Amino acid sequence: SGTVARVVGAADVAAAARVGAVAVRIDCSVADRSEASAVAAAASEHGLAFDVGFSDAAADVDHVAAELVVGELADLGVRGLLFKVSSDDIDDDDDLREVFSAVGGVDAPGVPIRRRLGLSASEDV
């Protein structure tokens, strides 16, 4: 057991490793693929497990962008991918189903992507 640190940048990952964190949760946007990959690579270099929490509403993300970032993060070893949902997403779940269908089909090493996906409730739920 150990500490899980929330991070937004590679410098945060290094600081978390210095204080003994065993894992990090990366907070980022689906659109910030290069930043998300850089932070994930830093976590891997420091031997830290990592999860990603996307700040975008799941129903509003571009499916192609989501597939690309999920594929890159999976290649780097992401444990979990949390997509934010609101009460609107729950009431009208077609967009939510579409994005989960798109990213769930990403081919990745290890645990299937569908088993790494999760939902994170936004403030209005």
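Everything quoted here is computed from the prediction, not taken from an experiment.

A.B. asks: Help me understand the environment of Ala108, please; the structure alone is not making it clear to me.
C.D. replies: You can see Ala108 is positioned in the loop between α5 (94-104) and β5 (117-121). According to the relative accessible area criterion, Ala108 is buried, its value standing at 18%. In this structure, the C-alpha to C-alpha distance between Ala108 and Gly77, residues 31 residues apart in sequence, is 9.2 Å. Filtering out sequence-adjacent residues up to four positions away, Ala108 remains in contact with Ala74, Ile113 and Arg116.

A.B. asks: Would you explain the pairing of strand β3 (residues 49-57) in this entry?
C.D. replies: Looking down a regular strand, the side chains alternate between one sheet face and the other. Two strands pair when backbone bridges link them, and strand β2 (residues 21-28) and β3 are joined in this way by 6 bridges, in the parallel orientation. Considered in β3, the bridge of Arg25 is made with Asp51. Direction of pairing for β3 relative to strand β4 (residues 80-85): parallel, over a ladder of 4 bridges. Across the sheet, residue Val52 finds its bridge partner in β4, namely Leu81. Handedness of the β3-helix α3 (residues 63-76)-β4 crossover: right-handed.

A.B. asks: In this structure, what is going on with the sheet that holds β2? I would like to understand it.
C.D. replies: Judged by pairing direction, the sheet is parallel, and its 5 strands sit side by side in the order β1-β2-β3-β4-β5 without closing on themselves. Single-partner strands in this sheet number two, and they are β1 (3-7) and β5. Shown here is a sheet whose adjacent strand axes are inclined to one another by a mean of 25°, direction ignored. Across 5 bridges, the pairing between β1 and β2 is parallel. Bridge pairing links Ala5 to Val24 in β2. Seen against the sheet, helix α2 (residues 33-45) touches β1, β2 and β3 and runs at an angle of roughly 180° to β2. α3 contacts β3 and β4 of the sheet and is inclined by roughly 170° relative to β3.

A.B. asks: Would you explain the nonpolar core in this entry?
C.D. replies: Burial of nonpolar side chains together is a common tendency in soluble globular proteins. Formed by 37 residues in total, the largest nonpolar core has its most connected members in Leu73 and Phe83. For this core, the secondary-structure elements that each account for two or more residues are β1, α1 (10-18), β2, α2, β3, α3, β4 and α5. The residues touching Leu73, leaving out its near neighbours within four places in the chain, are Ala36, Ser37, Ala40, Phe50, Val52, Phe54, Val78 and Leu81.

Rules used throughout
- Residues numbered from 1 in each chain as written.
- Predicted model: local features only at pLDDT ≥ 70, side-chain atom pairs only at ≥ 80, totals over all residues.
- Heavy atoms only, no water.
- Helix = DSSP H or I, 4+ residues; strand = E, 2+ residues; numbered from the N terminus.
- Buried < 20%, exposed > 50% of the residue type's maximum accessible area, 1.4 Å probe, protein only.
- Contact = heavy atoms within 4.5 Å.
- Pairing = 2+ DSSP bridges.
- Right-handed = clockwise from strand over helix to strand, strands pointing away.
- Axes fitted to C-alpha atoms, helices over the stretch in contact; angles between N-to-C directions.
- Core = buried A, V, L, I, M, F, W, Y, C linked by side-chain atoms within 4.5 Å.

Interpretation note: all reported values are geometric properties and have no functional meaning in isolation.
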